[in-house]
Amino acid sequence: MIEAPGLDEVAVLPWPLLWRRRVERRVRSSDRYPWLVLTAALVGLFSVGFSITILSIALDNIAVEFGTSRNVTIWIITGPLLLGAIVTPSAGRLADLLGARRVYLTSMVLVAFFAGLAALAWSAPSLILFRTLGGAIGAATGPASIALINRLFTREKRAQALGYWSLVAAGGPVIGVIVGGPALALVSWRWIFIVQVPLSLITVGVCAMVFPETPRDRTVRFDGVGAVLLAFAAGSFVVALNRAPEAGWGWSHPLVIGGFAATPLLILAFVLYERRITDQLIPMRYLRHRNFSFPMINQFFTNFAYMGGFFLTPFLLRNVLGYSEAKIGFTSIARPAAFAIAGPVAGWLATKVGERVNAVAGGAFLVGSMVVFSTVTTDSSDLVVLFALMLSGLGMGTTAPAMAAAIANTVDNRDLGVAGGAQQMVSQIGVVVGTQVMVTVQQATASLGNAASYARGYLVGGAAAAMGLLAGAFVHASIGHRRTRVPGPAGSGRPDAHEAPSPAPRGEQLAS
């Protein structure tokens, strides 16, 4: 309303707001609404994850521009991975308490903000700082979006939806490999972050219209003490393991020894503290359930083998088979490409046969991949390498969606975020441990010869994959076969069975 001499009152309609609400109503009334939410979440997943492989290609260029070494710029990659592993359980719990939609959108805005700062970085430390903060905050979108997806999809459809999640998670880095090399030859590495800014903001706009409102859980307090204890426990372990093989540190360095020694003490302190409180960061009762604990164990060991092989293979191809950098890059695409293809197919298959079959089959594929890699010599053909890479991708693509679905089908809806965050933390720690252990074993046995030393590293990965297979064998089917039961806390007054409710077809069912 405007009041002034000689002017009439004018009503101004908020057309952008009306248009947005109209779009929201049409989207949420669609019978395909859960799949629209999944698609929007996958756009965000791609915008957060596509840059990692492009950055790995650009590390040398960044080192030259800032006058530093690759050992320094490698923290552009490892920094977000390490911090992301530490913060994801807390991010998942915040998604449960504050609302998954709110946490997801806030995280994506901050991803765009830190990407803009990274594009303007004036030194290697500033770039590492902005990239680490942006990457770690981007990791927080994982448990938030998984919580949203698991709320909207029935337990029978969760594995299939998470299979598409795996497709984008693995396919994004593939696009980075294909596009990254030629793009960096034409433009500066800063364009990686310049492109990420509008892509992240577009994701925010789309998801704001598509994502359903998720209620805050005002009955539970955030467990700050537990979050700090778990963060320090995970952080001391992964940092010590990351630094131990580095020159100037070593396994006998006081800080490395201190990090390893502090880890079990901090874990014990975390467990003892959690048992004393009601509003636990990770509800301890779930640890007694086989479809929570064994999928976690499976994901630790399968990520150990998969990502340990991921980092070891380029050295094998260069030092044993004499591949060029370009050939290594394009050959390595076979692994994530197989992962991306297997994810949706295996997710659909899990709805028919149950999660245990996927876990055992995926573990078997990974064991086979490690064994084939261990046989590679200077005379091995390219087909042997491609076969081993594809087996590895098939293994991880087969087991990951099923294990995520098994965990989601075990917990209360109110704990979907923290369950997803805990799974991501365990998987990321498996990545760090597998990478360091397999590479360290290869380096420690280098006196046996190139091919023999790599064989030892891969056989360690094969043993880890076998442990993942064994853990997967203890997972029982929760999709269409048997109702999952979780022991409720003593005196809770809640029933033991936690069945995810079948959602209404039009997305109005989210209050819980």
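Residues numbered from 1 in each chain as written. Predicted model: local features only at pLDDT ≥ 70, side-chain atom pairs only at ≥ 80, totals over all residues. Heavy atoms only, no water.

1. What to know about the overall build of the protein
At step 1: Scanning the protein from N- to C-terminus turns up 19 helices and zero strands.
At step 2: Pairs at least 24 apart in sequence give 83% of the contacts found in the protein among residues at least 6 apart.
At step 3: Roughly 22,000 Å² of accessible area belongs to the protein as shown, and the carbon and sulfur atoms make up 68% of that amount. (Helix = DSSP H or I, 4+ residues; strand = E, 2+ residues; numbered from the N terminus. Contact = heavy atoms within 4.5 Å. Areas by Shrake-Rupley, 256 points an atom, 1.4 Å probe, with all protein chains shown as cover.)

2. Comments concerning the side chain of Thr263
At step 1: Assignment of secondary structure puts Thr263 in helix α12 (residues 254-276).
At step 2: Judged by its relative accessible area of 8%, Thr263 falls in the buried class.
At step 3: At 3.1 Å, the side chain of Thr263 and the side chain of Ser236 are in polar contact.
At step 4: Those residues within four positions of Thr263 in sequence are excluded, and the remaining contacts are Ala233, Ser236 and Phe237. (Buried < 20%, exposed > 50% of the residue type's maximum accessible area, 1.4 Å probe, protein only. Polar contact = N/O pair within 3.5 Å; in protein donor to acceptor, adjacent residues only side chain to side chain.)

3. A look at the packing of aromatic side chains
At step 1: Taken as a whole, this structure holds nine aromatic pairs when the rule is applied.
At step 2: When the ring centre of Tyr286 is taken as origin, the NZ or CZ atom of Arg285, which lies over that ring, is 4.6 Å away.
At step 3: Cation over ring: Arg335 sits above Tyr306, and NZ or CZ is 5.9 Å from the ring centre. (Phe/Tyr/Trp six-rings, centres within 6.5 Å; stacked < 30°, edge-to-face > 60°. Lys NZ or Arg CZ within 6 Å of the ring centre and 35° of its normal.)

4. Digging into the confidence of the model for the protein
At step 1: Considering every residue of the protein, the mean pLDDT works out to 77; 81% of them sit at 70 or more.
At step 2: Under a pLDDT of 50 for its full length, residues 481-512 has, in the predicted model, 75 contacts with residues more than four places off or in other chains. (pLDDT = per-residue confidence, 0-100.)

5. Concerning the packing of helix α5 (residues 75-98) against helix α18 (residues 416-444)
At step 1: Closest axis-to-axis distance for the α5/α18 pair is 6 Å, and the angle between their directions is 170 degrees. Between α5 and α18, the interaxial angle falls into the category roughly antiparallel. In this structure, α5 uses Leu81, Leu82, Ala85, Thr88, Pro89, Gly92, Arg93 and Asp96 to contact α18, whose residues at the interface are Leu416, Gly417, Val418, Gly421, Ala422, Gln424, Met425, Gln428 and Val432.
At step 2: A class-by-class count of the residues in the contact of α5 with α18 yields nine nonpolar, six polar and two charged. (Axes fitted to C-alpha atoms, helices over the stretch in contact; angles between N-to-C directions. Parallel < 35°, antiparallel > 145°, perpendicular 65-115°, else oblique. Nonpolar A, V, L, I, M, F, W, Y, C, P; charged D, E, K, R; others polar.)

6. A closer look at helix α8 (residues 141-152)
At step 1: Between the first and last C-alpha of α8 there are 17 Å, a value that for twelve residues agrees with the 16 Å anticipated at 1.5 Å per step.
At step 2: Summarising burial for α8: twelve of the twelve residues are buried, a large majority.
At step 3: Within the sequence span of α8, burial applies to Thr141, Gly142, Pro143, Ala144, Ser145, Ile146, Ala147, Leu148, Ile149, Asn150, Arg151 and Leu152. (Expected span 1.5 Å × (residues − 1).)

7. Comments concerning the pattern of salt bridges
At step 1: Taken as a whole and judged by the stated rule, the model has two salt bridges.
At step 2: Across the pair Glu65 and Arg190 runs a salt bridge, and its minimum N-O distance is 3.0 Å. On the criterion of sequence distance, the pair formed by Glu65 in helix α3 (residues 51-66) and Arg190 in helix α10 (residues 190-210) is long-range, its members being 125 residues apart.
At step 3: As a salt-bridge pair, Asp412 and Arg285 come within 2.8 Å of each other at their nearest N and O atoms. Taken as a pair, Asp412 in the loop between α17 (382-408) and α18 and Arg285 in the loop between α12 and α13 (290-319) lie far apart in primary sequence, 127 residues in all.
At step 4: Asp412 sits in the buried class, given a relative accessible area of 9%. (Salt bridge = Lys/Arg side-chain N within 4 Å of Asp/Glu carboxyl O.)

8. Thoughts on the packing of α8 against α18
At step 1: For the pair α8 and α18, interaxial distance at closest approach is 8 Å and the crossing angle is 130 degrees. Between α8 and α18, the interaxial angle falls into the category oblique. In the crossing of α8 with α18, the sense of the turn from one axis to the other is right-handed. For the pair formed by α8 and α18, the contact residues are Gly142, Pro143, Ile146, Ala147, Asn150 and Arg151 on the first element and Leu416, Gly417, Gly420, Gly421 and Gln424 on the second.
At step 2: In terms of residue class, the contact of α8 with α18 is built from four nonpolar, six polar and one charged. (Left-handed = near helix turned anticlockwise from the far one by under 90°.)

9. Here's the deal with the environment of Ile341
At step 1: Turning to its location among the elements, Ile341 is positioned in helix α15 (residues 334-353).
At step 2: Given the relative accessible area of 61%, Ile341 is considered exposed.

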